[in-house]
Amino acid sequence: MHILVLPGDGIGPEIVNGAMQVLDAANHAFNLGLRFDHDEIGFASLEKHGTTLRDDLLEKARGYDGILLGTISHADYPKPAQGGVNVSAAFRSKLDLYANVRPARTRSFLESNMKPGKSMDLVIMREATEGFYPDRNMHLGWGEVMPTPDLALSTRRITRHCSERIARRSFELAMKRSKKVTAIHKVNSFHMTDGLFLEAVRHVAKDFPEVELDDMLVDASTAHLVRSPERFDVIVTENFYGDILSDLASELSGSLGLAGSVMAGDRQCCAQAQHGSAPDIQNQDKANPTSMILSAGMLLRWLGEHHRNAALQQAGDAIETAVDAVLRNPDSRTADLGGTMGTRAFTDAVVFALTAVAGQPVR
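Residues numbered from 1 in each chain as written. Predicted model: local features only at pLDDT ≥ 70, side-chain atom pairs only at ≥ 80, totals over all residues. Heavy atoms only, no water.

K.L.:
Lay out the overall build of the chain with the relevant residues and their values.
P.N.:
Along its length, the chain carries 11 helices and 12 strands. Here the chain has a C-alpha radius of gyration of 20 Å; the compact-globule value for 363 residues is 21 Å, and the two agree. Across its three principal axes, the chain shows a C-alpha extent of roughly 60 × 50 × 40 Å. For the chain, with 363 residues in total, the buried portion stands at 55%. Long-range pairs, those at least 24 residues apart, make up 75% of the contacts in the chain with a sequence separation of at least 6. Measuring between centres, the 38 positive side-chain charges of the chain sit 4 Å from its 46 negative side-chain charges. (Helix = DSSP H or I, 4+ residues; strand = E, 2+ residues; numbered from the N terminus. Rg over C-alpha atoms; globule rule 2.2 N^0.38 Å. Buried < 20%, exposed > 50% of the residue type's maximum accessible area, 1.4 Å probe, protein only. Contact = heavy atoms within 4.5 Å. Lys, Arg positive; Asp, Glu negative; His and termini not counted. Charge placed at Lys NZ, Arg CZ, Asp CG, Glu CD.)

This is how it looks when you write it as structure tokens:
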């Protein structure tokens, strides 16, 4: 397997370095045969090449089995005309990484932000290539216009094709879990666009009679995530709703810093931490690399499933087990979780735990 490594902005280089150390350990322990290439995106690329994402790099990325993508400070980039390309959005739309998979679960040994006695174990399947995002809903141009200084308009794109394929991936995932899918929408207001999305989900559901399907208005779903999170297993939704709901679910379950995430297509997968670039703590050894490490583990599992490689799947599972083993000890947590460990020390602890899980001597 050939993986492209792109450190990104802010704390991106630090947490990607942590994930790489864990992947190197997994590569050795499970004899995975992983190969890595490195390149630059974000501000580092802007300074050297006048753009945050070179066209040749995007084209080059198509040839890799997987991508490790660091955090992106796109809110601080210059306008697109001045080279400020939203890297995450470009990868999703240009490489057709349409399924943004975002799990959220509570851990009995970690404090959550939920009501006492409540627990969560769900996966949000977010369609990532269309919707209300103006940088990916037009063939040419931008999906927002401002006809006058006092009037701004935004265009939303929902297609049957994109809705059906994210629904299918969601039902396939549910078959491996608790066999329940909840479609989140706002069809009482967006009659045509959310109506088409819901119609597509219901059509796909006919191919999965073993899976229970229900649906819920997006505003009601926020209340239920707080009040009755146990009712959810796999949530399928469009881009904008999924972006918001996944942050809510991850924070409720413990922290955005604990939330792994991948962007997957039909032939390749990209691992990226769910949280932002946190430039205020970059280069201070304060960043929690858990989300990036877990995302790397999800990448290995995806590669294992799609290439029928049991060792890759086992390595992905082992990374998650190792992270949990480290988090279980209050003394081996990062500061955001009440501990004292820095980025490097936490990474070292995960590598040590991973070698133990794999039954390998510690190097």
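That was the structure; now back to the text.
K.L.:
Can you break down the packing of aromatic side chains residue by residue, with the values?
P.N.:
Within this structure, the stated rule accounts for 5 aromatic pairs. On the numbers, 5.1 Å between centres and 90° between planes, the contact of phenylalanine 43 with tyrosine 77 is edge-to-face. In this pair, phenylalanine 43 sits in helix 2 (residues 42-49) while tyrosine 77 sits in the loop between strand 3 (66-69) and helix 4 (87-94), placing the two residues 34 residues apart along the sequence. Tyrosine 77 sits in the buried class, given a relative accessible area of 9%. Between tyrosine 133 and phenylalanine 240 the ring centres are 6.1 Å apart and the planes differ by 70°, which places this aromatic pair in the edge-to-face class. (Phe/Tyr/Trp six-rings, centres within 6.5 Å; stacked < 30°, edge-to-face > 60°.)

K.L.:
Which residues make up the sheet that holds strand 11 (residues 262-264), and what are the values?
P.N.:
Taken in spatial order, the 10 strands of this open sheet run 2-1-3-12-11-4-5-10-8-9, and their pairing is mixed. Looking along the sheet, the strands with just one partner apiece sit at the ends: strand 2 (35-38) and strand 9 (212-217). Each adjacent strand pair in this sheet contributes to an overall mean axis angle of 25°, direction not counted. Where strand 8 (residues 180-185) lies against strand 9, 6 bridges are found, and the strand directions are parallel. Paired with threonine 182 across the bridge in strand 9 is aspartate 214. Helix-sheet contacts for helix 4 involve strand 1 (2-6), strand 3, strand 4 (99-105), strand 5 (121-127), strand 11 and strand 12 (269-272), and the interaxial angle to strand 3 is about 165°. (Pairing = 2+ DSSP bridges. Axes fitted to C-alpha atoms, helices over the stretch in contact; angles between N-to-C directions.)

K.L.:
Outline the nonpolar core, listing residues and values.
P.N.:
By size, the foremost hydrophobic cluster in this structure holds 71 residues, and its most contacted members are Leu68, Leu300 and Leu354. Ranked by residue count, the leading element in this core is helix 1 (residues 12-30), at 10 residues. In this view, leucine 68 contacts Ile3, Leu4, Val5, Leu6, Val16, Ala19, Met20, Leu23, Ala271, Met292 and Ala296; residues no more than four positions away in its chain are not counted. (Core = buried A, V, L, I, M, F, W, Y, C linked by side-chain atoms within 4.5 Å.)

K.L.:
Which residues make up the pattern of salt bridges, and what values do they have?
P.N.:
By the definition in use, this model includes 32 salt bridges. Between arginine 156 and aspartate 194 there is a salt bridge; the shortest N-O distance is 2.8 Å. In this pair, arginine 156 is assigned in the loop between strand 7 (151-154) and helix 5 (160-176) and aspartate 194 in helix 6 (residues 193-205), connecting sequence segments 38 residues apart. Comparing arginine 156 with aspartate 194, the two get one shared label, buried. The partner of lysine 186 in a salt bridge is aspartate 219, with the nearest N and O atoms 2.9 Å apart. Within this pair, whereas lysine 186 is found in the loop between strand 8 and helix 6, its partner aspartate 219 is found in helix 7 (residues 218-227), the two being separated by 33 residues in sequence. (Salt bridge = Lys/Arg side-chain N within 4 Å of Asp/Glu carboxyl O.)

K.L.:
Kindly report on the side chain of arginine 333, identifying the contributing residues and their values.
P.N.:
You can see arginine 333 is positioned in the loop between helix 10 (310-327) and helix 11 (343-358). No salt bridge is formed by the buried arginine 333. Its closest oppositely charged neighbour is glutamate 111, at 7.6 Å. Polar contacts involving the side chain of arginine 333 include one to the main-chain carbonyl oxygen of leucine 327, which spans 2.6 Å. At a separation of 3.5 Å, a polar atom in the side chain of arginine 333 contacts the main-chain carbonyl oxygen of arginine 328. (Polar contact = N/O pair within 3.5 Å; in protein donor to acceptor, adjacent residues only side chain to side chain.)

Without other data, these values stay purely geometric and don't point to any function.
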